[in-house]
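Single-letter residue listing:
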Amino acid sequence: MKKFALVCGASGSIGRAICEELAQDGWSLYVHYNSGLERIQEMALSLSQRFSAQEFIPVQANFAEVDGAEILASQLFSLQAVIFANGHAYNQLLEDTSIQEMEKLWRVHVQNPMHLLAKVSRKLRANEKSYVLFIGSIWGAVGAAGEVVYSAVKGAQHAFVKAYAQEVAYNGIRVNAIAPGFIDTGMNNHLTEQEKQQIASEIPLQRLGIVTDVAQMTRFYVSGAADYVTGQIVHVNGGWYI
């Protein structure tokens, strides 16, 4: 039987890289997006042509809306893995952050992911073993001035992983998170090259992360080679935070 994984945020740089890695391991994928249907369709077609024995199904839902999880859950059938690679950073002082933005960050990063898992838990339990993986953040562990609300919701993700892993372990569901450091994606285009070089000089491995650093760790977690690991936050950051 085909094994299906849902990749939330598949239209983003990290999400797309994760899809590429999982497809190589034989996963059929639900490729989730909020906007950018054309980009998702192009990726699904490309993957289908290269991995013809698998399925790649676009699914749409807006996690910024209260009913985002409900809408997404209604599009899913067989399911063995859920990877949350969706979300958005938010750079602003706390005193300048609106209630609306706080609520949006909470819904995107915490409320809708939790609600979705509640809706699909029966599908995950139908497998002998299944996987839930969050792409968290270094800021969920250490916090960042100017990104206080983002740090808070990422910290909530990490706490959820530790608690939920204990709740569903008896069902064979492994729950973990990857907490990237600085990954060089479009999300960081507000920084100059000089600023990026300054950050790289502070990282022990002396380089910024790239999307495949996160995607390959994701592939490892759901490959079956890490099945004795659950409730963990693994930091992929070149030694920036240990």
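Residues numbered from 1 in each chain as written. Predicted model: local features only at pLDDT ≥ 70, side-chain atom pairs only at ≥ 80, totals over all residues. Heavy atoms only, no water.

Draft legend 1. Structural view of the packing of aromatic side chains. Under the defined criterion, the tally for this structure stands at 6 aromatic pairs. Measuring from centroid to centroid gives 5.7 Å for Phe134 and Phe160, while their planes differ by 75 degrees, and the two rings are edge-to-face. With Phe134 in strand β5 (residues 130-135) and Phe160 in helix α6 (residues 148-168), this pair connects stretches of sequence that are 26 residues apart. Phe134 sits in the buried class, given a relative accessible area of 1%. Aromatic pair Trp139 and Trp240: ring centres 5.7 Å apart, planes at 70 degrees, arrangement edge-to-face. Separated by 101 residues along the polypeptide, Trp139 in helix α5 (residues 139-142) and Trp240 in the segment after β7 (233-236) bring together distant segments of the chain. On the basis of relative accessible area, Trp139 is assigned to the partly exposed category, the value being 23%. According to the relative accessible area criterion, Trp240 is partly exposed, its value standing at 23%. Connected via pairs of aromatic rings, a cluster forms that spans Phe84, Phe134, Phe160 and Tyr164. (Phe/Tyr/Trp six-rings, centres within 6.5 Å; stacked < 30°, edge-to-face > 60°. Helix = DSSP H or I, 4+ residues; strand = E, 2+ residues; numbered from the N terminus. Buried < 20%, exposed > 50% of the residue type's maximum accessible area, 1.4 Å probe, protein only.)

Draft legend 2. Spatial organisation of the pairing of strand β4 (residues 81-84). Of the two faces of β4, the one carrying Ala81 and Ile83 and the one carrying Val82 and Phe84 are both buried. Note that strand β1 (residues 3-8) and β4 share 4 bridges and pair parallel. In the sheet register, Leu6 faces β4, and the bridge partner there is Val82. The pairing of β4 with β5 spans 4 bridges and is classified as parallel. Among the inter-strand pairings, Ile83 is bridged to a residue of β5, identified as Leu133. Regarding topology, helix α4 (residues 99-125) serves as the crossover connection from β4 to the parallel β5, and that connection is right-handed. (Pairing = 2+ DSSP bridges. Right-handed = clockwise from strand over helix to strand, strands pointing away.)

Draft legend 3. Just the pattern of salt bridges, in detail. Scanning all chains against the criterion turns up 10 salt bridges. Lys2 is the salt-bridge partner of Glu55, the closest N and O atoms lying 3.1 Å from each other. On the criterion of sequence distance, the pair formed by Glu55 in the loop between α2 (37-50) and β3 (56-60) and Lys2 in the segment before β1 is long-range, its members being 53 residues apart. Accessibility expressed as a relative area gives 32% for Glu55, which makes it partly exposed. With relative accessibility at 40%, the residue Lys2 sits in the partly exposed group. Of the charged contacts, one joins Arg50 and Glu20 as a salt bridge, the two residues approaching to 2.8 Å between their closest N and O atoms. Remark: Glu20 occurs in helix α1 (residues 13-24) and Arg50 occurs in helix α2; sequence separation between them is 30 residues. Owing to a relative accessible area of 44%, Arg50 belongs among the partly exposed residues under this scheme. A single network of salt bridges, built from pairs that share partners, joins Glu21, Asp25 and Arg219. (Salt bridge = Lys/Arg side-chain N within 4 Å of Asp/Glu carboxyl O.)

Draft legend 4. Just the layout of surface pockets, in detail. Approximately 1,200 Å³ is the volume found for the largest pocket. Around the largest pocket, the lining comprises 47 residues; the ones closest to its centre are Gly87, His88, Ala89, Tyr150 and Met187. For the lining of the largest pocket, the secondary structure elements donating two or more residues are α1, β2 (27-33), α4 and α6. (1 Å grid on protein atoms, 1.4 Å probe; cavity = no way out; pocket = protein on both sides within 12 Å on 5 of 7 lines; lining within 4 Å. Points joined across faces, edges and corners; volume = space filled by probe spheres on them.)

Draft legend 5. Examining the state of the cysteines more closely. Evaluated as defined, the whole model comprises 0 disulfides. Here Cys8 stays free of any disulfide, with the sulfur of Cys19 as its closest cysteine sulfur at 10 Å. A relative accessible area of 0% places Cys8 in the buried class. (Disulfide = S-S within 2.5 Å.)

Draft legend 6. Geometry of the nonpolar core. Counting 34 residues, the largest nonpolar core has Ile18, Cys19, Leu22, Trp27 and Leu29 as its most contacted members. Elements with a minimum of two residues in this core: β1, α1, β2, α2, β4, β5 and α8 (211-221). If one sorts the elements of this core by residue count, α1 sits on top with 6 residues. Those residues in contact with Leu29 that lie beyond four places of it in its chain are Phe4, Ala5, Val7, Cys19, Leu22, Glu55, Phe56 and Ile57. (Core = buried A, V, L, I, M, F, W, Y, C linked by side-chain atoms within 4.5 Å. Contact = heavy atoms within 4.5 Å.)

Draft legend 7. Molecular detail of the sheet that holds β5. Read from one edge to the other, the open sheet built from 7 strands follows the order β3-β2-β1-β4-β5-β6-β7, with strand pairing classed as parallel. Every interior strand has two partners, whereas the edge strands, β3 and β7, have only one. When the angles between neighbouring strand axes are averaged without regard to direction, this sheet yields 20 degrees. Relative to β2, β1 runs parallel, the two being bridged by 5 bridges. Note on β2: the bridge partner recorded for Phe4 is Ser28. Across the sheet, α8 touches β4, β5, β6 (173-180) and β7, and the angle it forms with β6 is around 165 degrees. (Axes fitted to C-alpha atoms, helices over the stretch in contact; angles between N-to-C directions.)

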